[in-house]
Amino acid sequence: MTLDADCIFCKIIRSEIPCFKLHEDDRTLAFLDINPVHPGHALVVPKHHAADVFETPAEWLSATVETAQRVAQAVRATFDPPGLNLLQCNGPAAAQSVAHYHMHVIPRATDDGLTMNWALVPGDMDELARIAEQIRTNM
Ligand code: AMP
Ligand code: ZN
């Protein structure tokens, strides 16, 4: 486990600042987001400081997703929302504000106006094929 002295999530992991804890195990910590978009909005963080999906080793990503599933199940059991997003942001342009990899667990309400929803507009098949090929070369 590698933690950072100044990172707010590392401070929460070290219990230096408080949180509304939902779950803790040897690899992850889950707690409520302090600025919830809906009741039950939670965060899951690995106990390893790395900024984003590009820098976080795979085993920590896996642990985070496993805990996120568990938290999502608990949030569903608690609020029975009609929908729920697992959301993870990388970089300021993607609205990442804390540079410690984390997964949002966001229960949704119907027509709640959150802007991560988008209309289902079919893509151009040729363009999709081209983009898939481009991405595969980077996998
Ligand atoms: P992101 O914008 O994806 O980096 O998400 C960071 C999230 O961390 C935001 O939704 C903040 O509300 C949340 N956050 C920041 N500080 C705290 C804190 N001390 N306790 C709980 N949540 C926090
Ligand atoms: Zn950190």
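Structural notes, computed from the coordinates. Please read these numbers as outputs of a predicted model, since none were measured by experiment.

**Comments concerning the coordination of the zinc ion (ligand 2)**
Line of reasoning, step 1. Ligation of the zinc ion (ligand 2) by protein atoms is provided by Cys7 (SG), Cys10 (SG), His49 (ND1) and His100 (ND1), these donors lying 2.0 to 2.3 Å from the ion.
Line of reasoning, step 2. Taken together, the four donor atoms coordinating the zinc ion (ligand 2) span angles of 106 to 116 degrees at the metal, a pattern that classifies the geometry as tetrahedral.
Line of reasoning, step 3. All donors of the zinc ion (ligand 2) belong to a single chain; written as a sequence motif, their spacing is C-x2-C-x38-H-x50-H. Here the residue cysteine 7 occupies a position in the segment before helix 1 (8-13), and histidine 100 occupies one in the loop between strand 4 (83-87) and strand 5 (103-108), the gap between them amounting to 93 residues.
Line of reasoning, step 4. Taking relative accessible area as the criterion, cysteine 7 reaches 8% and is therefore assigned buried.

**A word on the pairing of strand 1 (residues 21-24)**
Line of reasoning, step 1. Two strands pair when backbone bridges link them, and strand 1 and strand 2 (residues 28-32) are joined in this way by three bridges, in the antiparallel orientation. Counted as the bridge partner of lysine 21 is phenylalanine 31 from strand 2.

**Structural notes on the nonpolar core**
Line of reasoning, step 1. Core analysis: the biggest nonpolar cluster contains 11 residues, these being Ala30, Ala42, Val44, Leu61, Ala68, Val71, Ala72, Val75, Tyr101, Met103 and Val105.
Line of reasoning, step 2. Residue assignment for this core shows that the elements contributing at least two residues are strand 3 (42-46), helix 2 (58-79) and strand 5.
Line of reasoning, step 3. Counting residues per element, this core draws most heavily on helix 2, which supplies five residues.
Line of reasoning, step 4. Sequence-distant contacts of leucine 61, defined by excluding residues within four places in its chain, comprise Val53, Thr56 and Tyr101.
Line of reasoning, step 5. Counting 10 residues, the second-largest nonpolar core is a separate cluster that includes Cys7, Ile12, Leu43 and Val45.

**Things to note about the sheet that holds strand 4**
Line of reasoning, step 1. As summarised here, the arrangement of the five strands in space is 1-2-3-5-4, forming an open sheet in which the pairing is antiparallel. Looking at which strands have only one partner, the edges of the open sheet turn out to be strand 1 and strand 4. Recorded for the sheet is a direction-independent mean angle of 15 degrees between the axes of neighbouring strands.
Line of reasoning, step 2. Bridge count between strand 2 and strand 3: five bridges; the pairing is antiparallel. Pairing of leucine 29 across the sheet is with valine 45, part of strand 3.

**As for helix 3 (residues 125-136)**
Line of reasoning, step 1. For helix 3, built from 12 residues, the straight-helix expectation of 16 Å at 1.5 Å per residue is met to within 8% by its first-to-last C-alpha distance of 16 Å.
Line of reasoning, step 2. Its side-chain oxygen placed 3.2 Å from the backbone nitrogen of aspartate 126, aspartate 124 serves as the N-cap of helix 3.

**Describing the pattern of salt bridges**
Here the idea is simple: oppositely charged side chains can pair when their charged atoms come close.
Line of reasoning, step 1. Counted under the stated rule, the structure contains five salt bridges.
Line of reasoning, step 2. Where aspartate 112 meets arginine 108, a salt bridge forms, and the shortest distance between an N and an O atom there is 2.7 Å.
Line of reasoning, step 3. Its relative accessible area of 8% is what places arginine 108 among the buried residues.
Line of reasoning, step 4. Ionic contacts of the salt-bridge type, sharing partners, join the residues Lys21, Glu24 and Lys47 into one network.

Cut-off values and rules
- Residues numbered from 1 in each chain as written.
- Chains lettered and ligands numbered in written order.
- Predicted model: local features only at pLDDT ≥ 70, side-chain atom pairs only at ≥ 80, totals over all residues.
- Heavy atoms only, no water.
- Donors = N, O, S within 2.8 Å, 3.2 Å for Na, K, Ca; no water.
- Tetrahedral: all angles 85-135°; square planar, octahedral: opposite > 155°, others 65-115°.
- Helix = DSSP H or I, 4+ residues; strand = E, 2+ residues; numbered from the N terminus.
- Buried < 20%, exposed > 50% of the residue type's maximum accessible area, 1.4 Å probe, protein only.
- Pairing = 2+ DSSP bridges.
- Core = buried A, V, L, I, M, F, W, Y, C linked by side-chain atoms within 4.5 Å.
- Contact = heavy atoms within 4.5 Å.
- Axes fitted to C-alpha atoms, helices over the stretch in contact; angles between N-to-C directions.
- Expected span 1.5 Å × (residues − 1).
- Polar contact = N/O pair within 3.5 Å; in protein donor to acceptor, adjacent residues only side chain to side chain.
- Salt bridge = Lys/Arg side-chain N within 4 Å of Asp/Glu carboxyl O.

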